[in-house]
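Summary of structural features
Chain residues, written in single-letter form:
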Amino acid sequence: YAVPEEASRVSGRSPCSCAGRLHTSTSSAVGATMSTGFVAIAVVPVVCSVAAAVFNMVPVTVPMVLILLVALGSALWMLFQRAVYFLGEEEQLLIEGWLERRAQNGPGVAVVNPFTHRGATIRKAETLSATEYVKLCNSKDGSERIEKGPQLLFLGPYDKLVAKSPAVCLNNTQFVIITNQLSGERSVLRGPCMWFPGPHDEARTGEAVSMSRTEYIFVEDRLTGERKTVRGPCVWFPEPFESASKKFNAIVLQEDEYVRLKDKTSGKRWVQKGKAQVFLEPTWELEANTEKPLKAWSLKAYEYVRLLDSVTGKISVHRGERVVFPGPDESLLDGAVLSAIDLKVHEYCKILDQATGDVRVESGRAGGSQVFLGPNERILDGGKRKAVEVDENHAVLVRDKATGQLRLVKEKQLFVPGPTETIEEVRELIRLADHEAMILRGKDGDFQYFYGSDEKRSPGQERSFFLEPYDEIVKLCWSKGRRRESRNLFIERFDCRPQFMSFEFNCRTSDNVELILEGTFFWEVVDLPAMVKSTGDTSGDLCNHARSQFIRHVARVTLKQFMDESHAIAKKVWEEDTEFYKSRGVRIHSLEVTRYQCADPRTSAILEQIIQETTNRMNRLSQAESENEVSLFRMQGQIEQERMNGDLLKIQHEHSTEEAKVAGQSESARIAAFMQGLGDSVPKIEDRVTMWQGLRETGGARPVS
């Protein structure tokens, strides 16, 4: 068989070896093909001979001979195939004898006795690289072995390939745990290396644990049960029976941090303070509430903490300035850092010692002071309070809890109560104006009346005063509203000046017209003891009494009479029964009806029409009076004008007379001047008169004169 050069170049072997390999590897297929060809070649002449004999072309013996020759050739060919095998370099002939097996490795031609074996098979040899191995099992004795590469491995007659696997390649951080399944022994092989297992080895590879400076792991020996801590920096490889936990980070504590630790084997508890790195041991654990580092308490000068030891119950106090770390069993008593109580000069606080029950009072000093609570102390009354400034206008009502007595402190001071004293009330000085009055009830129940007016005040009674410890101000509850329907007006200072009070109520006339009356009282409180003695609702009594009087009087008159005499009826109401008002300590100055209307809308409409008509009539009368007044004023103006015209004519006549008189005097003066001027030249008076008359007629007299 010729092998192409391209195939030899691709395979990397010589053409001869390739040809041998190709021949031996396909010997069975080639033999089958050649047998088929030989049968075909033999069958063709047999068929031709039979056909020729059938058609009498040749004698019958010729086909029979041909058939015998063909059968003999076929038998020889089959014996050749069982006896001769062509083996390549990577092939092996496995011969199954009648009693045993044997193998013949290639390359070459194997010739076997076809009658001494049951069969023969050609199988491939196993090519192993430097990183491969195979596991073989001897089917005769059951033994197993490992064959490592690199090699071309021919199996033995009884060898069976169990597995072909690559070797385990370990780097610097890898390891393999080897378990011998026969003996149970374990060993650990670290890298870097190439590991080939034994026939009974079972392997489990793993990565070594690489830890930094702040990391650690727990390692447990499963044979002894012991546990230990392995800290970094390192690369940890396990022993055969060791297992590791996951990596943990060390707890890094600053100077003001701490953690609470507990040893589970001994029950010991302690506090690890910073500055440090904490690597936990296998039997240690962090307390549940300190999984992260806790901050210590950095206290300022005015801060402090109280720590409670849950085992002994002891309370310790730590003041600043410092950093406080608690003990293993200590916790904050108050839940937070406390600030000292800063007391100014006008402040104080009460502190109770719960161990002894004693109460002390701390007050501020000039410049201020700070109070730190003791282990068993707590603040009373909600903390610090301001002292009370007792002066002219303020006093303090104090109760002594030890005796239960009340006292009123009036002395001027900055009052701070004692340990058993409480401030009940800060009372202001009561000042009464001239028109004001007040009623006080003493501890015996008697009334005291205080007035601002000097005329009403008793001798020795002060106008301004403080309410004494067991005294109280008497408040009267009066009715309010125009109809006095609600009684919730509390009066404690009484105004003694005259004042107005409005009212409203319904009444009915004799002609059965229901009216709503509105009016006002102008009244005054004149006798306060009599008022308190006779009634507790002065305004309600006044309005109710006036209503009953109005109902009685209005029921006697018709609507028209009421409209005409409403003011007289109102005056009669309060003048008829002055004793009622006097018995209640009040004086009524006036009572007026300011407005009324019908309760029935229809009657109200009719009344509105009457009122409108009356108003129109009054308007017309006013208009007529106005017109008459205008006419009278116009006539008076005309008379005055005529009188003034007469006076004007008289004055004009007098003026005309005076003008004529002045003109005559002027004329006579001119004539006299003319006559005197011509006295020398015209001696005769007649001639001078004639000349004057002539000049006068010609108009030359004035210039000449």
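Refer to the structure presented above.
Every value quoted in this text rests on a predicted model; they were computed, and no experiment measured them.

The rules behind the values
Residues numbered from 1 in each chain as written. Predicted model: local features only at pLDDT ≥ 70, side-chain atom pairs only at ≥ 80, totals over all residues. Heavy atoms only, no water. Axes fitted to C-alpha atoms, helices over the stretch in contact; angles between N-to-C directions. Helix = DSSP H or I, 4+ residues; strand = E, 2+ residues; numbered from the N terminus. Parallel < 35°, antiparallel > 145°, perpendicular 65-115°, else oblique. Left-handed = near helix turned anticlockwise from the far one by under 90°. Contact = heavy atoms within 4.5 Å. Nonpolar A, V, L, I, M, F, W, Y, C, P; charged D, E, K, R; others polar. Pairing = 2+ DSSP bridges. Buried < 20%, exposed > 50% of the residue type's maximum accessible area, 1.4 Å probe, protein only.

Points about the packing of helix α6 (residues 538-554) against helix α7 (residues 559-576)
Where α6 contacts α7, the axes come no closer than 10 Å and their chain directions differ by 135°. Between α6 and α7, the crossing angle belongs to the class labelled oblique. The chirality of how α6 crosses α7 is right-handed. In contact with Ala546, Gln549, Phe550, Arg552, His553 and Val554 of α6, α7 contributes Phe562, Ile569, Ala570, Lys572, Val573 and Glu576.

Brief notes about unusual backbone geometry
The linkage connecting Gly106 with the following residue, Pro107, adopts the cis geometry, with an omega of 0°. Along the chain, Pro107 turns up in the loop between β3 (101-105) and β4 (108-111). The omega torsion of the bond from Gly232 to Pro233 falls at 5°, within 30 degrees of zero and hence cis. Mapped onto the fold, Pro233 is located in the loop between β18 (227-231) and β19 (234-236). Although it is not a glycine, Arg484 sits at a positive phi angle of roughly 55°.

A word on the packing of helix α9 (residues 601-677) against helix α10 (residues 685-698)
As a packed pair, α9 and α10 sit with axes 10 Å apart at the nearest point and diverge in direction by 125°. With respect to each other, α9 and α10 are oriented oblique. Handedness of the α9/α10 crossing: right-handed. The residues of α10 that touch α9, namely those facing Glu667, Arg670, Ile671, Phe674 and Met675, are Ile685, Arg688, Val689, Met691, Trp692, Leu695 and Arg696. The class makeup of the residues in the contact of α9 with α10 is eight nonpolar, no polar and four charged.

Brief notes about the sheet that holds strand β41 (residues 406-409)
The strands making up a sheet associate through hydrogen bonds between their backbones, and the pairing can be parallel or antiparallel. Read across the open sheet, the three strands follow the order β41-β40-β43; overall the sheet is antiparallel. Whereas interior strands pair on both sides, the edge strands pair on one side only; in this sheet they are β41 and β43 (421-428). Across the sheet, the mean angle separating the axes of adjacent strands is 25° when strand polarity is ignored. Inspection of the sheet shows strand β40 (residues 394-400) paired to β43 by seven bridges, in the antiparallel sense. When the sheet's bridge partners are listed, Val396 is paired in β43 with Val426.

Some points on the pairing of strand β49 (residues 476-480)
Summarising burial for β49: four of the five residues are buried, a large majority. Relative to strand β50 (residues 486-491), β49 runs antiparallel, the two sharing four bridges. Among the inter-strand pairings, Lys480 is bridged to a residue of β50, identified as Ser486. Here β49 folds back onto β50 in antiparallel fashion, the turn holding five residues, of which Gly481 has a positive phi close to 100°.

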